Amino acid sequence: MERIFTPTELSAPAALPGTASATRWVGSGASSTADSRTAGAEAARAAVRGDDLKLLVVFASQSHDLAALLAGIREVGGDAPLIGCSTAGEIAADGPGDAGVVVTALGGPGFSIATAAAGNAAADLRRAGATVGECVERVEPRPHRVLLLLTDGLAGDQQEVVRGAYGVVGAAVPLVGGCAGDDLKMTRTQQLCGGEVLVDSVVAAAIASDAPLGIGVRHGWRRVGDPMLVTASTNNRVLTLDDHPALDVYLDRLDAPAEARTDPAAFTRFALTHPLGLSRRSGEEVRFVAEADFADRSIGCIAEVPQGGLAWMMEGDGESVLGATDEACLDALSALEGRDPIGVMAFDCIARRGVLGEEGIREEVRRIGLHSGGAPVAGFYTYGEIARTRGISGFHNQTLVVLALS
Amino acid sequence: MTPSGGSWSTQQLSEFLVAVAGCRDEASAVAGAIQWAAEAMEAEVAAVVRDGQVIDAVGFPRGHVPEAELLAAAGTRAATLSVDGLGELRIVSVPIEGSVPARLVLGRCDPAGFHAEEISLLRAMARGLALSIDNLHTLERERRLREVSEAQAADNLRLLGMLQERQALLERLSKIQVSISRRAPLHEVLDAIVAGAGELLGDEVVGLRLVDRDDPDYTTMVSTSGLSEELASQSRRSRVTEGAGGRAIVEDRLIVVQDYAGAELAIEAFVGADLRTAMGAPVHENGRPVGSIVVASFRPDRVYTDTEREMLLAFAHHASMALNDAKAVEEMRHLAYHDSLTGLPNRALFTEHLERALARARRGGSRVTVLFLDLDRFKMVNDSLGHAAGDHLLVAVGERLRESLRATDVAARLGGDEFAVLAEDSEVEADASAVAQRIVEALREPITVGGRELSVTASIGVAVSGCGESDAEALLRNADLAMYRAKVDGLGSYLVFEQDMHTVLSQRVELETNLRRAIAGDEFVVHYQPIVNLVSEEIVGVEALVRWARAGQVLVSPAEFIPVAEDMGLIVPIGRWVLVEAMRQVREWQDDRGLGNPLGLSVNLSARQLRQPELVDDIIEALRSTRFDPACLTLEITETALMRDTGRALATLHDLRSLGIRLALDDFGTGYSSLSYLRQFPIDVIKIDKSFVDGIAQGSEEAAVARAVIELGRTLSIDTVAEGVETTHQLDQLRLLRCNYAQGYLFSRPLAAEALENLLRAEAASPRRAGSDGLIAIPQPRPVQRRPRRMERAVRG
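Here the structure is a predicted model, which means the values were calculated and not measured.

A. Up close: the overall build of chain A. For chain A, the helix and strand inventory stands at nine helices and 27 strands. Expressed as a percentage of the 406 residues in chain A, the buried residues total 63%. Restricting the contact set of chain A to residue pairs at least 6 apart, pairs at least 24 apart contribute 80%.

Pasting the structure below:
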């Protein structure tokens, strides 16, 4: 069955005052057709509704043959620059979905785009971030720029990717994006660039625009209980908390159910809604607990947990998490300097999906749609989110990141 | 934004130290440090600068680090940095006090700048980084030494294979190595090498020569064996081109002479002694040939085999190692005991010298003089011209000091802008004063730094041993104390220590302690002195004056504690408190007074407060919290405060003025009284100093100045307030000159809030004829042409 998520021609081409030629358009389309090539072509056809196609961004489930899916998309989009990744669920204007594909298209002379990919990322994540960051140097100079990054969240400390990219582009170019998913199998994610399906890679698109681009980032979690000292950790692994094995402290403090104490899958499901919070200058940074080592009693997170720091157990509920959705959208839109959005991209942590439930995520996507005022919406459920607008850190967990284009 | 919770900085520091301590080399420690510091502070950019260079930076597009701007910002307090696409960043920079001083620089978009706790955390991070870098340097030095000895060990192994029958060589070499590593005196090590070479090679004569440091055309024999006394004496010095040893140095290779008498290079004395063969190998220091080891024989059939040539090279190599090691030890000792900037001895070495000098003086019954120098206004040079200029200045001062002293005197840099001089054998105090005078003279000539001529003066304290203190620390402390007193007496002077200085110091320390306690214990009160409109006679405003009601004692004079509070920086919290308290109180009186012209408030702003980046925010917050109308507030600033960092002061004053606050120039006439200040700064009110008001009745010069100032005020539309009015005659004169406002004991002394409230009530009950406790009734005004209203706005709003 074909399912088209979005009204495809979502906004009239926006014009800059006085420069009628500098127009931009954004479109998105989705498909839940089982045949990968057909699904790709359907979604792309729905997304590409203007001339001068500049970029395709693809979020797709691994239930698809991604090579065939790309071939279908390129039947429509030709050789236009393309980046994308596998997901843990897709987001489109009329709701969240699984086992599907969402394509976003950007076009018009008001945009300038350059894309890049870096392979073998796990060996040196910072280098990979720096390599793709270089594409910012290739994009035409426009007043508003952003670097969109799609990474392999299972490849190690993703903050390193952000550091690498930041080292090249500097503070003036915001970073945004997310870590690819694999439908919670936690084994291997894939990235897309041009006509290629990659693994262990970082892909990126430098987007330069004549009009403002806004980024919002919120999590909606709050501290619970007393702080714990991270007494031993190495990068992403927490070995001890308050000098006791980290796994035992984690399970006991949260009064975890019996199955989470022995079964890795049950642990990951439980941990999804019980992140750690690290104290930072302006609040706390959330860390997604991805897995546990039942032998050495340590826990593994998606990003670095520094030794010597304080950590809290964090809790959230439907209300706080949906509140964060509204705030993230409003933050992104308020950066558009009064313009209406012509497209919105969402990078939503898979863990939030766990807290909200199926009903909740439908409500979340509905709210994003309301905020975008009919502009096309596309996104995916991630294993980690990227948003750097202020400061130097830009990797987040259990967070919603919204990119609004005007 | 405020950091969340008190543990925040401890925790950030702990994370930072763990991260930086794990780095394997300096570059990664620096890169890690700026990354962590920026992450902890949520700063957009961070950098480390050293020696006028940006060592590493983050937050700028690759290849586009704005070096010049960063360096300028690093050397300036409360700097900003403009970055394309980001706007204005607030910059903070803290010193990294390692063996090579550097600075850690952070920039953040947040217009609130950096919080005091954050700056203190940054300083701690910088200290952690300095320690890590110094540790890494030490490790690196050790690693290099280890590599050298490992390389040596490899050579030894090779030799072992070749010279199995000569096990003794290795034993000998090992012993030499042990004595090198145990840091035996250099001459002992070289003697052991010479003896070993003689024993193993079997030649009758062995010698080790080194090129003269002062005269590189000659070499000196530093160790020999097998030479008669006469021959040793004849050959002790020889030209560097002579002999097998000399040629080995010049050509930097092994030289073998099988027919010594027939060789061109032969040294005559040896030919005469019938020397037949010789072999010389070069000895190196840091890779340069600086000497040679020579074996020679009287046997005509002596032939040097390849193995023996290798052996001599091995001994030469060990001699090189010993020289290098001795030099490294010397350098390390020098580094540990000398200031890296000026090359002068540091505090540790100075103290050692001083202790030895004191011991000698005790034995010989002589005296030791210590001079403690502190450069005057050095901080101003650093702040206005940057740290690099400050460093140049310190180097130049170090050189001047060295030049002005006798060879036996010792000059040292104790740290910062503090130097010390040790002079032995001074018989009398006059000798000590002569040394101080010489130094003052030496500094008199301006010093050129970065194309600018700077006039430098130093305050000098002199202490002579035998005046009760005999240990180094105490003597230095006395000199320090005398310096402090000299500085108080006037910059650029010197003073000899006297016992009663201790008493003065302890009084000052006690005052400082009490002052800190006073802040914590709410011991301050605000008194108010009315400001009167000279036409209407009404009290139009009050000047807030802080008083210290020390627990159980009478009020402490502001003249006594304000300068100390300024020095200690406590004036900032005190000033903040006075502002809020006075606004709260005056707002209360305004509410009581009801409609009509609201009472104005004047508050003094110190130079230190004016330099605080948070000043404007503090005042906005105070206005908000007390719901005080900014138009009723006048801030009083002295000329001296404006003179420091004029650009910044100007910006701050404009910010304050844009809030609707009025600005008064206090004590006008006592300082430079430059017209340019009145033109340049947004001044609304001039306060005429009491000294001019005092003289106004006599028709003296002061009267002329007062008249000129009032005229000037009228011309520039600036209101005038006469301070310290005490007699009706003065009042009459001020009225004649059409001065707008006045304050002084004639109207009322500064009063506690309650007393002032009574006064205001009395005035309300009997308008235009105020008079009650502490207030003298104002004589009837004479007819005036114009009723000025401008000042009413200034004081009241």
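B. Examining the confidence of the model for chain A more closely. Across chain A, the average pLDDT comes to 89, with 95% of residues at or above 70. In this model, residues 1-21 of chain A is a region of pLDDT below 50 whose contacts with residues beyond four sequence positions or in other chains number 57 contacts.

C. Broad picture of the pairing of strand β20 (residues 539-549) of chain B. All names here are of chain B. Burial within β20 is extensive, with eight of its eleven residues counted as buried. Here nine bridges tie strand β19 (residues 524-533) to β20, and the two strands are oriented antiparallel to one another. Looking across to β20, one finds that V532 is bridged to I539. Adjacent in sequence and paired antiparallel, β19 and β20 are bridged by five residues, among which E537 carries a positive phi angle near 70 degrees. Where β20 and strand β22 (residues 600-605) come together, four bridges link them in parallel fashion. Bridge assignment links V542 to a residue of β22, and that residue is L601. Examined bridge by bridge, β20 and strand β21 (residues 555-556) share two bridges and lie antiparallel to one another. Following the sheet pairing, W548 is matched in β21 by V556.

D. Looking closely at the nonpolar core. By size, the foremost hydrophobic cluster in this structure holds 192 residues, and its most contacted members are A204 of chain A together with A37 of chain B. At ten residues, the largest contribution of residues to this core is made by helix α2 (residues 26-41) of chain B. In this structure, A565, I571, I686 and A722 of chain B belong to the second largest nonpolar core, which totals 72 residues.

E. Structural detail: the interface of chain B and chain A. Opposite the 29 residues of chain B that make contact, chain A presents 21 residues. At the level of secondary structure, the elements contributing two or more residues to the side of chain B that touches chain A comprise α1 (7-21) and α2 of chain B. Per-element accounting of the side of chain B that touches chain A gives the leading share, seven residues, to α1 of chain B.

F. Main features of the sheet that holds strand β13 (residues 202-209) of chain A. Residues and elements named next belong to chain A. Across the sheet, which stays open at both edges, the six strands sit in the order β8-β13-β9-β10-β25-β26 with mixed pairing between neighbours. Each edge of the open sheet is held by one strand with a lone partner, namely β8 (111-118) and β26 (395-396). As judged from the four bridges shared by strand β10 (residues 175-180) and strand β25 (residues 385-388), these two strands associate in the antiparallel manner. Each residue of the ladder has a partner; that of G178, found in β25, is E385. Contacting β8, β9 (144-152) and β13, helix α3 (residues 125-133) crosses the sheet at an angle of about 150 degrees to β8. Against the sheet, helix α5 (residues 158-169) engages β9, β10, β13, β25 and β26, with an angle of about 150 degrees to β9.

G. Summary view of the sheet that holds strand β11 (residues 288-297) of chain B. All names here are of chain B. Spatially, β8-β7-β6-β11-β10-β9 is the arrangement adopted by the six strands of the open sheet, whose pairing is antiparallel. Two strands lie at the open edges of the sheet, namely β8 (237-239) and β9 (255-257), each paired on one side alone. Put simply, the sheet's adjacent strands are angled 25 degrees from each other on average, direction ignored. Direction of pairing for strand β6 (residues 205-211) relative to β11: antiparallel, over a ladder of six bridges. Bridging from a neighbouring strand, V206 pairs with V295 of β11. Here helix α6 (residues 186-201) sits on the sheet in contact with β6, β7 (218-225) and β11, set at roughly 65 degrees to β7. Of the strands in this sheet, β6, β7, β8, β9, β10 (277-285) and β11 touch helix α8 (residues 243-251), which is tilted by about 40 degrees from β10.

H. Molecular detail of the environment of E581 of chain B. When you line up the elements, E581 of chain B lands in helix α18 (residues 571-593). You can call E581 of chain B partly exposed: it has 19 C-beta atoms within 10 Å.

I. Geometry of the confidence of the model for chain B. All names here are of chain B. When pLDDT is averaged along chain B, the result is 83, and 90% of the positions lie at 70 or above. The weakest mean pLDDT in chain B belongs to helix α28 (residues 790-796) at 34; the strongest belongs to strand β27 (residues 741-742) at 96. When the criterion is pLDDT under 50, residues 1-6 qualifies, and its contacts beyond four places in sequence or with other chains add up to twelve contacts. Residue range residues 768-797 is modelled with pLDDT below 50. Its contacts to residues more than four positions away, or to other chains, number 70 contacts. Two summary scores accompany this predicted model of the complex, namely pTM at 0.49 and ipTM at 0.81.

J. Representation of the environment of A703 of chain B within the structure. Residues and elements named next belong to chain B. Here A703 is to be found in helix α25 (residues 701-715). Sequence separation of A703 and V693 is ten residues, and the distance between their C-alpha atoms is 7.2 Å. Once residues lying within four places of it in the same chain are set aside, the contact partners of A703 are G695, I696 and Q698.

Rules used in this analysis
Numbers given to residues run from 1 along each chain, matching the order in which its sequence is written. A letter from A marks each chain and a number from 1 marks each ligand, given out in the order of writing. Local features in this predicted model are restricted to residues whose pLDDT is 70 or higher, and side-chain atom pairs enter the listing and the counts only when it is 80 or higher, whereas totals over whole chains, interfaces and linings include all residues. Only DSSP runs of H or I covering at least 4 residues are called helices, and only runs of E covering at least 2 are called strands; the numbering of each starts at the N terminus. Remark: C-beta atoms are placed from the backbone, and a residue is labelled buried if 20 or more other C-beta atoms sit within 10 Å of its own, exposed if 12 or fewer do, or partly exposed between those counts. The contact criterion used is a C-beta to C-beta distance within 7 Å, with each C-beta placed from the backbone. Per-residue confidence from the predictor is reported as pLDDT, which spans 0 to 100. Between any two strands, at least two bridges found by DSSP are needed for them to pair. Structurally, a nonpolar core is described as a collection of buried Ala, Val, Leu, Ile, Met, Phe, Trp, Tyr and Cys residues joined by way of C-beta atoms within 7 Å. To get an axis, a line is fitted to the C-alpha atoms, and for a helix only the part in contact is used. The angle between two axes follows their N-to-C directions and goes from 0 to 180 degrees.

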